[in-house]
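Okay, here's what each chain looks like letter by letter:
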Amino acid sequence: MIQSLPIGITLFAIAAIVIGLVGTRMCKVADQLADATGWGEAVVGAVFLGGSTSLAGIVTSVTAAYGGHAELAVSNAVGGIVAQTAFLAVADIFYRKANLEHAAASIANLIQGTLLMSLLAIPLLATSTPQVSVWGIHPASLAIIGAYLFGLRLVSQSEEKPMWKPRYTEKTIEDEPAEITDINVNLTRLWLEFLFYAVILALAGYLIAQTGVFIAIETGLSESLVGGLFTALSTSLPELVVTLAAVRQGALTLAVGGIIGGNCFDILLLAFSDIAFRSGSIYAVISDKQVFVISLAILMTGILLLGLLQREKYGFANIGFESVLILLLYIGGIGLLISPF
């Protein structure tokens, strides 16, 4: 247990450094896996990279829900989606050659973005319908899991037999698999290395989450604010590090796919939290502030999709219009979340 605020801050800093080092290496291994398996950066980013960087958030939300802190569990899940979408706009700032959404053109990322908006609509529907449950589990949780698996199938199919293709320009960075020799040996080593980094990242992320909660609670803040802002940002730190590392390494589709895919995975946190919450349906305790954050996530994702479709080469300060709007919405959303509304 954390005994004091200085210890909590020190542990937070150590975990952040570990995430920075491991996340950079993990991104490189994920890029190699995308080439070795032939699955592509978008699929590997969505399923494996996005899922691995979301492990800390899963532990935080499920633990909170099982302990009866439903408000904290939901706020952490949806707050992480908003934060991670803003991180993609930050990555656009660091990529100076062109607008990131232009260079990382991919039909798989478009499908993932559409899937994310659909998944975000399910908990909103669940809050406004009768709160029925079977063994304490709302049907919406099963719908989220089923829709997520169906969406992954669509993403995989779009990679294998795409029916739509983006128009390639001189600024488009196409995901072209590198030639790998001795593929069986490489695959075994790569999977083991990826798993090792994922475990370290999950442990460091969990420490980030726990110290983040401790630091926030020491200030006497509400569960909605702690979950929606502090733990959401804390557990989303791996996504930020991995995304920036992917951009530096030129794996742009992996960067975008990792964020959007991780956001889709984070919707599963609501389903898992509903299963862990034993006092009924977790959707029955979703507050107005949490509905606001979910709606904000839908709006930010919609703007991101517009950017992916419009593919503006250059924009204000050499970033796309979608990144500017997303950052403004995120800053404004934080301001409203902190205010007593």
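Residues numbered from 1 in each chain as written. Predicted model: local features only at pLDDT ≥ 70, side-chain atom pairs only at ≥ 80, totals over all residues. Heavy atoms only, no water.

Description of the environment of Ser295
Within the secondary structure layout, Ser295 lies in helix α12 (residues 288-310). Overall, the relative accessible area of 34% leaves Ser295 in the partly exposed class. Between the alpha carbons of Ser295 and Leu124 there is a distance of 8.5 Å; along the sequence they are 171 residues apart. (Helix = DSSP H or I, 4+ residues; strand = E, 2+ residues; numbered from the N terminus. Buried < 20%, exposed > 50% of the residue type's maximum accessible area, 1.4 Å probe, protein only.)

Topic: the nonpolar core
Ranked by internal contacts, the top residues of the largest apolar core, which has 88 residues, are Ile282 and Tyr283. Setting aside its immediate chain neighbours within four residues, Ile282 contacts Ala65, Ala70, Ala73, Val74, Leu270, Ser273, Asp274 and Phe277. (Core = buried A, V, L, I, M, F, W, Y, C linked by side-chain atoms within 4.5 Å. Contact = heavy atoms within 4.5 Å.)

Some points on helix α11 (residues 252-276)
Under the 1.5 Å per step criterion, the end-to-end length of α11 is 36 Å for 25 residues, consistent within 8% with the ideal 36 Å. Burial within α11 is extensive, with 23 of its 25 residues counted as buried. (Expected span 1.5 Å × (residues − 1).)

Section: the packing of α12 against helix α13 (residues 321-338)
The geometry of α12 relative to α13 is characterised by a closest axis approach of 9 Å and an angle of 175° between their N-to-C directions. Relative to α13, the element α12 is oriented roughly antiparallel. Only Phe321, Glu322, Leu325, Ile326, Leu329, Tyr330, Gly333, Leu336 and Leu337 of α13 make contact with α12, whose side of the interface consists of Lys289, Phe292, Val293, Leu296, Leu299, Met300, Ile303, Leu304, Leu306, Gly307 and Gln310. (Axes fitted to C-alpha atoms, helices over the stretch in contact; angles between N-to-C directions. Parallel < 35°, antiparallel > 145°, perpendicular 65-115°, else oblique.)

Observations regarding the packing of helix α6 (residues 107-127) against α12
As a packed pair, α6 and α12 sit with axes 10 Å apart at the nearest point and diverge in direction by 160°. With respect to each other, α6 and α12 are oriented roughly antiparallel. Considering how the two elements wind past one another, α6 and α12 form a crossing that is left-handed. Contact residues: α6 offers Asn109, Leu110, Gly113, Thr114, Leu116, Met117, Leu120, Ala121, Pro123 and Leu124, while α12 offers Val291, Ile294, Ser295, Ala297, Ile298, Thr301, Gly302, Leu305, Leu308 and Leu309. The residue makeup of the contact of α6 with α12, split by class, is 14 nonpolar, six polar and no charged. (Left-handed = near helix turned anticlockwise from the far one by under 90°. Nonpolar A, V, L, I, M, F, W, Y, C, P; charged D, E, K, R; others polar.)

Structural notes on the environment of Phe94
Along the chain, Phe94 falls in helix α4 (residues 70-94). With 154 residues separating them in the primary sequence, Phe94 and Arg248 have C-alpha atoms 8.4 Å apart.

Quick notes on the packing of aromatic side chains
According to the stated counting rule, one finds three aromatic pairs in the structure shown. Pairing Trp191 with Phe194 gives two aromatic rings, centres 6.4 Å apart and planes at 85°, and the pair type is edge-to-face. Linking Trp191 with Phe194, this pair stays in helix α8 (residues 183-218), spanning three residues, or about one helical turn. By relative accessible area, which is 5% here, Phe194 ends up buried. Plain terms: the ring middles of Phe196 and Tyr197 are 5.7 Å apart, the flat faces sit at 55° to each other, and that makes the pair tilted. The exposed category is assigned to Phe196, whose relative accessible area is 51%. A relative accessible area of 15% means that Tyr197 is categorised as buried. (Phe/Tyr/Trp six-rings, centres within 6.5 Å; stacked < 30°, edge-to-face > 60°.)

Everything listed here is a matter of geometry and, on its own, says nothing about what the molecule does.
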